[in-house]
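Residues per chain are reported as follows:
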Amino acid sequence: MCRNDGTPGVRNENMPINLSGPDISQAEIDAVIEVMKSGRLSLGPKIDEFEEKLAAYVGVKHGIAVSSGTCGLHLLIRALGISHGDEVVSTPFSFIASTNCIMFEGATPVLVDIDPVTWNIDASRIEAAITPKTKALIPVDAFGEVAAMEEVEAIAARNNVRIIEDSCEALGATYRGRMAGAFGDAGVFGFYPNKQITTGEGGMITTNDDDIARLCRSMRNQGRDTGMGWLSHERLGYNYRMSDIQAAIGVEQIRRIDEILARRAQVANWYRERLKNESRIEWQHNDPECKRSWFVFVVKLADDYSEHQRNDMIAQLREREIGCSNYFAPIHLQPFYMKQFGFKPGDFPVCERVAARTIALPFHNALTQDEIDQVCTTLESLL
Ligand SMILES: *Cc1c(COP(=O)(O)O)cnc(C)c1O
C-alpha cells in the first residue's frame, strides 16, 4: 500500500522512499469489488465506460482499451500495415517498447537523435532519415513532455507517412492546446503503476480514424469483428483485451485525473524549487508550447560528470533506500539492437550524452515536502 497521508514532518527516517507508486483511493477499491460481485469480469460494461471517458478526456472519437501500452503499439503497427522491409522512424531516448513494436512485425527501426533541449526526437533531423521504405514515424512524448508534434505532422504530410504518437508517458499533457494522444493517426497510453493513472497493467489506443479503431478492436479480440460469434475470426488477432476489473480501476482514475495531475505537478514544483540554485544539475527544458504532464522527475548531471559517477550516485542513493533509476538507457545500445542493426556507441551522441547523466528521483503522489528535501540533501551531498 502506498502511504498517502501527505502530512509533512511525520516521516519515519528509516522508511525507504520509493521511486514510484500508484495513487489509489477508496473509490478504485470499491469499484473493483463491485465488478467482482457483478460476475462480468471481461467484455463487460466497464470497458466501454473507460474507453468513452478516456477518449472524451483526450478529445478523440475512439478509445480502444488493451492489455498494455506495448500491445497498443503493436496493434497500431499492424493496423497501419507495417511489415517486413518497411522502415519506421523513432527516437533512441525512450522506453524499449516504442521501437520493439516495429520489430514485432519484422520492420526496421530507423532512429533519429534527440533535441538537446527537450530530449524528444529532433524534428529537424527526421526528414533526412526518411527513405522510400519509410511507412511511419513514432515520436515519443518523453517524461510527459509532448514532442514537437505539429512539426512532426507537417513532415509526415509532406512525405506521405503515418504517425503513431507514443503518448504512454503523457496523459493530460498538451501541445499548443491539443492533448497528447490526439496527434497523428493514433496515440497510445500505458497504465502500468508508475504512469499518471494506472489499471495495474493496461493501455489505450486513441484515434479519430474509424478504420484504425475497427481493426484494433478486432485484433485485440482474436480477430473477431463486431457482432461475430466467438469462433468466427475475420483476421489474425490476439488476446490483448483489458479485463473489466482493470477498466473499473481506470474509470475511477480518469474521474480523478485533474486531482492526480495537480498533485504530481505540486511534487515536481517542490523539487524544482528546492533544486533551483543547484548549478550541477540540468533539466529537460519545458517547451513553452507544451503543458507538461509529470510522469517521472528526472535530473541530468552537468556534462563534466561521467556515466560512471552517475551510476555510482544511483547506487549510493539506493543504498540509502532512496529509489532512483537511469531513465532512459539508450535503445540503440541495448545488446539485441546492436547485434541486429549494427548500432554502436557514438551513433546518437546527444541521446548518449543525456542518457549517461540522468537520474530519475522518487516521484509519486504520496511524497511529502520533507521527503523531497531529504532526497535533495542526499543528492547534493553526493554531487
Ligand atoms: C510505459 C511505456 C510504454 C508501454 O508500456 P507497457 O508497460 O506495455 O504498458 C510504451 N512506451 C513508453 C515510452 C512508455 O513509457
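Given the structure is predicted, the values throughout are model-derived calculations rather than measurements.

What counts as what
Residues numbered from 1 in each chain as written. Predicted model: local features only at pLDDT ≥ 70, side-chain atom pairs only at ≥ 80, totals over all residues. Heavy atoms only, no water. Near = heavy atom within 4 Å. Polar contact = N/O pair within 3.5 Å; in protein donor to acceptor, adjacent residues only side chain to side chain. Areas by Shrake-Rupley, 256 points an atom, 1.4 Å probe, with all protein chains shown as cover. Helix = DSSP H or I, 4+ residues; strand = E, 2+ residues; numbered from the N terminus. Nonpolar A, V, L, I, M, F, W, Y, C, P; charged D, E, K, R; others polar. Buried < 20%, exposed > 50% of the residue type's maximum accessible area, 1.4 Å probe, protein only. Pairing = 2+ DSSP bridges. Core = buried A, V, L, I, M, F, W, Y, C linked by side-chain atoms within 4.5 Å. Contact = heavy atoms within 4.5 Å. Axes fitted to C-alpha atoms, helices over the stretch in contact; angles between N-to-C directions. Salt bridge = Lys/Arg side-chain N within 4 Å of Asp/Glu carboxyl O.

Undergrad: Before we go on, may I ask you to explain the site of the ligand in this structure?
TA: Near the ligand, the surroundings consist of 13 residues, among which G69, T70, D166, E169 and K195 are the closest. At 2.4 Å from an oxygen atom of the ligand is found a side-chain nitrogen or oxygen belonging to T70. Note that a nitrogen atom of the ligand is positioned 2.7 Å from one of the side-chain N or O atoms of D166. Its free accessible area being 390 Å², the ligand has 92% of it covered by the protein chains. Tallying contributions element by element places helix α3 (residues 69–79) first for the shell around the ligand, with three residues. For the shell around the ligand, the residue count by class is five nonpolar, five polar and three charged.

Undergrad: What is the right way to read the pairing of strand β9 (residues 203–207) from this model?
TA: It is a general feature of regular strands that their side chains alternate between the two faces of the sheet. The element β9 is largely enclosed, with a buried count of five among its five residues. What you see with β9 is no split at all: G203, I205 and T207 on one side and M204 and T206 on the other are buried throughout. Where strand β1 (residues 62–66) meets β9, five bridges bridge the pair, whose relative direction is antiparallel. Bridged to I64 within β9 is I205. The pairing of strand β8 (residues 186–190) with β9 spans four bridges and is classified as antiparallel. Looking at the pairing, G187 lines up with T206 of β9.

Undergrad: What is the right way to read the nonpolar core from this model?
TA: The tendency in soluble globular proteins is for nonpolar side chains to be buried as a group. L75, L76, I164 and C216 are the most contacted members of the largest nonpolar core, which totals 29 residues. Going through the elements one at a time, β1, α3, α4 (97–104), β4 (134–138), β8 and α7 (210–220) are the ones with two or more residues in this core. With six residues, the single largest contributor to this core is α3. If you look at the next biggest cluster of nonpolar residues, it comprises 28 residues, including I17, V299, I322 and I359.

Undergrad: Is there a simple way to explain the sheet that holds strand β12 (residues 297–301) in this structure?
TA: Pairing between the strands of a sheet comes from backbone hydrogen bonds, and it takes one of two forms, parallel or antiparallel. Spatial strand order, β10-β12-β13: three strands in an open sheet with antiparallel pairing. Each edge of the sheet is formed by a strand with only one pairing partner; in this case those strands are β10 (281–282) and β13 (358–361). With respect to the sheet, helix α10 (residues 307–319) is in contact with β12 and β13, its orientation differing from that of β13 by roughly 20°.

Undergrad: Could you clarify how one ought to interpret the pattern of salt bridges in this entry?
TA: If charged atoms from side chains of opposite charge come close, those side chains can pair. Overall, the coordinates contain 30 salt bridges when judged by the stated rule. For the salt bridge of R256 with D23, the shortest nitrogen-to-oxygen distance reads 2.7 Å. Of this pair, R256 sits in the loop between α8 (244–255) and α9 (257–275) while D23 is found in the segment before α1 (26–38), placing the two residues 233 residues apart along the sequence. Under the relative-accessibility criterion, D23 is labelled buried at 12%. The closest approach of N and O atoms between D210 and K61, which form a salt bridge, is 2.8 Å. Of this pair, D210 sits in helix α7 while K61 sits in the loop between α2 (45–58) and β1, placing them 149 residues apart in sequence. Each of the salt bridges in this network shares a partner with another, and the network as a whole consists of K46, E49, K53, E252 and R255.

Interpretation in functional terms is not warranted from these geometric data alone.
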